[in-house]
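# Structure assessment
Take a look at the letters that make up each chain.
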Amino acid sequence: MDQLEGTKRRLTIFIGESDRHGHTPLATEIVQRAHAAGLAGATVLRGVEGYGASNHVHTTRILSLSADLPMVVVIVDEPDRIDAFVPELQELVAEGLVIADDVQVVHHRGRDLGDSA
């Protein structure tokens, strides 16, 4: 894969840990679809505290453990590739927030997997 540097688009999806697509965790489904679409990469981050449209605070604090912590999926790629992926998210994300912003990638290096790929 070519190095991902310069002006690119970042797609950030804010969802809940308990969100599902069928029996699959929604974050997993998004990553699998991003991979199948050939996007440069995706990262899932698990939040320790947050709230969204429901205005209900979800937290890891001991006295108020939440079963629905915030999750964030971040994907960075060429703007046209991100824009082509957005319709899949509109199908998948029933509750949550999806944002896209242009970013300047200043460094991107993957592992050299040799000829085994």
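Structure shown above.
Here's what I pulled together on the structure shown here. (Residues numbered from 1 in each chain as written. Predicted model: local features only at pLDDT ≥ 70, side-chain atom pairs only at ≥ 80, totals over all residues. Heavy atoms only, no water.)

## A word on the environment of Asp-83
Note the threshold: The secondary structure listing takes helices from DSSP runs of H or I that are at least 4 residues long and strands from runs of E that are at least 2 residues long, numbered from the N terminus.
By the secondary structure assignment, Asp-83 is in helix α2 (residues 79–92). Asp-83 sits 72 residues away from Leu-11 along the chain, and the two C-alpha atoms are 9.0 Å apart.

## Looking at the sheet that holds strand β1 (residues 6–16)
The cut-off we apply is this: Only when DSSP finds a minimum of two bridges between them are two strands counted as paired. Axes, fitted as lines to C-alpha atoms, cover a helix only where it is in contact. Angles between the N-to-C directions of the axes lie from 0 to 180 degrees. In this analysis, two residues are considered to be in contact whenever any of their non-hydrogen atoms come within 4.5 Å of each other.
The antiparallel open sheet is built from four strands, whose spatial order is β4-β7-β1-β8. Every other strand in the sheet has two partners, leaving β4 (42–46) and β8 (97–105) as the edge strands with one partner each. Each adjacent strand pair in this sheet contributes to an overall mean axis angle of 20°, direction not counted. Strands in contact with helix α1 (residues 26–36) are β1, β4 and β7 (70–77); relative to β7, the strand with the most contacts, it is inclined by about 10°. Of the strands in this sheet, β1, β7 and β8 are in contact with α2, which crosses β1 at around 20°.

## A look at the pattern of salt bridges
Put simply, the rule is: By definition here, a salt bridge exists when the distance from a side-chain nitrogen of Lys or Arg to a carboxyl oxygen of Asp or Glu is within 4 Å.
Enumeration according to the criterion identifies ten salt bridges in this entry. Residues Asp-83 and Arg-9 are paired through a salt bridge, measuring 2.7 Å at the closest nitrogen-oxygen approach. One end of the pair, Asp-83, is in helix α2; the other, Arg-9, is in strand β1, with 74 residues separating them in the sequence. Among the ionic pairs, Arg-9 bridges to Asp-102, the shortest N-O distance being 2.8 Å.

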